[in-house]
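Coordinate analysis (summary)
Single-letter residue listing:
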Amino acid sequence: KITKKEAFESRDFSTAEMLKSFTFWRAFVCMAFITAVGNSVISFARDLVISVDAAPALAVTLVGVLSVCNGIGRILTGALFDAAGRRITMLAANIITIFASGVTLVSVLISSLPLCIIGLCLTGLSYGSCPTVCSAFTAAFYGQKHFSVNYSLMNFNLIVAAFIANFSNSLLAQFGSYTAPFTMLLILAVCALGLNISVRKP
């Protein structure tokens with residue numbers, strides 16, 4: 001049963017103890033995969049929208065919409081965390097990421113601008129959720145005493161995500177289509193959900 005109050009008492013883990021925790025690494029990889037979706041889309045958002053027949057001016061506007069949704073995602077994730085707790089918030093962020101990748105992939109396959117716009121908005125919400133989720137997870141599982149260092153290490157998932165984004169661009173260059181990178185991103189988002197569900201108290 002998922003409840004707002006999880007069935008364990010958090011204690012203060014040292015950084016070394018956190019790094020020895022398999023729970024940390026599952027969450028780390030999960031968040032790297034979720035963040036990678038946003039990183040990848042941001043890197044080629046303008047050209048992506050143009051590929052589904054948007055005018056260049058509209059494409060630039062939609063990149064701005066993506067950024068706005070990023071900011072909204074941070075606010076909504078914080079509100080959801082306060083209302084429903086860490087676990088539901090992490091799952092919700094992950095599910096949004098799956099929909100973001102899936103909807104955008106379909107938009108590319110059928111060349112649908114409306115679906116691409118929806119995909120961009122969902123991607124922004126997903127990407128904006130990542131900092132809040134990482135912070136909430138680190139504090140809830142590993143305590144406040146070493147939070148600053150522990151949270152900094154959790155944020156190293158951004159480096160992994162950046163490498164994945166580079167690989168997405170390599171797939172785009174190799175295949176000349178957005179189908180390959182979005183297929184990969186969708187697979188990663190689904191894998192992240194499996195890791196997410198498996199996360200348990202340290």
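Everything in this summary refers to the structure shown in the same document. As the structure is a prediction and not an experimental result, all values here were calculated from the model.

1. With respect to the side chain of threonine 138
- Looking at the secondary structure, you find threonine 138 in helix α5 (residues 113-142).
- Classification of threonine 138 by relative accessible area gives buried; the value is 1%.
- Here the side chain of threonine 138 touches cysteine 134 through a polar contact of 2.8 Å, landing on its backbone oxygen.
- If sequence neighbours within four positions are ignored, threonine 138 has contacts with Gly143, Phe147, Asn150, Tyr151 and Met154.

2. Brief notes about the pattern of salt bridges
- Using the criterion set out here, one finds 2 salt bridges in the structure.
- For the salt bridge of arginine 11 with glutamate 17, the shortest nitrogen-to-oxygen distance reads 3.7 Å.
- Owing to a relative accessible area of 45%, arginine 11 belongs among the partly exposed residues under this scheme.
- When its relative accessible area of 36% is taken as the criterion, glutamate 17 is described as partly exposed.

3. Details of the packing of aromatic side chains
- Under the definition given, this model contains 11 aromatic pairs.
- Measuring from centroid to centroid gives 5.5 Å for tryptophan 25 and phenylalanine 28, while their planes differ by 65°, and the two rings are edge-to-face. Separated by 3 residues within a single helix, tryptophan 25 and phenylalanine 28 lie in helix α2 (residues 22-51), roughly one turn from each other.
- The class of tryptophan 25 is partly exposed, set by a relative accessible area of 39%.
- For phenylalanine 28, a relative accessible area of 10% puts it in the buried group.
- Taking 5.8 Å as the distance between ring centres and 70° as the angle between the ring planes, the aromatic pair formed by phenylalanine 137 and tyrosine 142 counts as edge-to-face. Here phenylalanine 137 and tyrosine 142 have matching classes, each one buried.

4. Structural notes on the environment of lysine 201
- Assignment of secondary structure puts lysine 201 in the segment after α8 (179-198).
- Residues lysine 201 and threonine 23 lie 178 residues apart in sequence; the distance between their C-alpha atoms is 7.2 Å.

5. Quick word on the environment of serine 67
- Mapping serine 67 onto the fold places it in helix α3 (residues 56-84).
- Judged by relative accessible area, which is 47%, serine 67 ranks as partly exposed.
- Through-space distance from the C-alpha of serine 67 to that of leucine 125 is 9.1 Å; in sequence the pair is 58 residues apart.

So, how was this worked out
- Residues numbered from 1 in each chain as written.
- Predicted model: local features only at pLDDT ≥ 70, side-chain atom pairs only at ≥ 80, totals over all residues.
- Heavy atoms only, no water.
- Helix = DSSP H or I, 4+ residues; strand = E, 2+ residues; numbered from the N terminus.
- Buried < 20%, exposed > 50% of the residue type's maximum accessible area, 1.4 Å probe, protein only.
- Polar contact = N/O pair within 3.5 Å; in protein donor to acceptor, adjacent residues only side chain to side chain.
- Contact = heavy atoms within 4.5 Å.
- Salt bridge = Lys/Arg side-chain N within 4 Å of Asp/Glu carboxyl O.
- Phe/Tyr/Trp six-rings, centres within 6.5 Å; stacked < 30°, edge-to-face > 60°.

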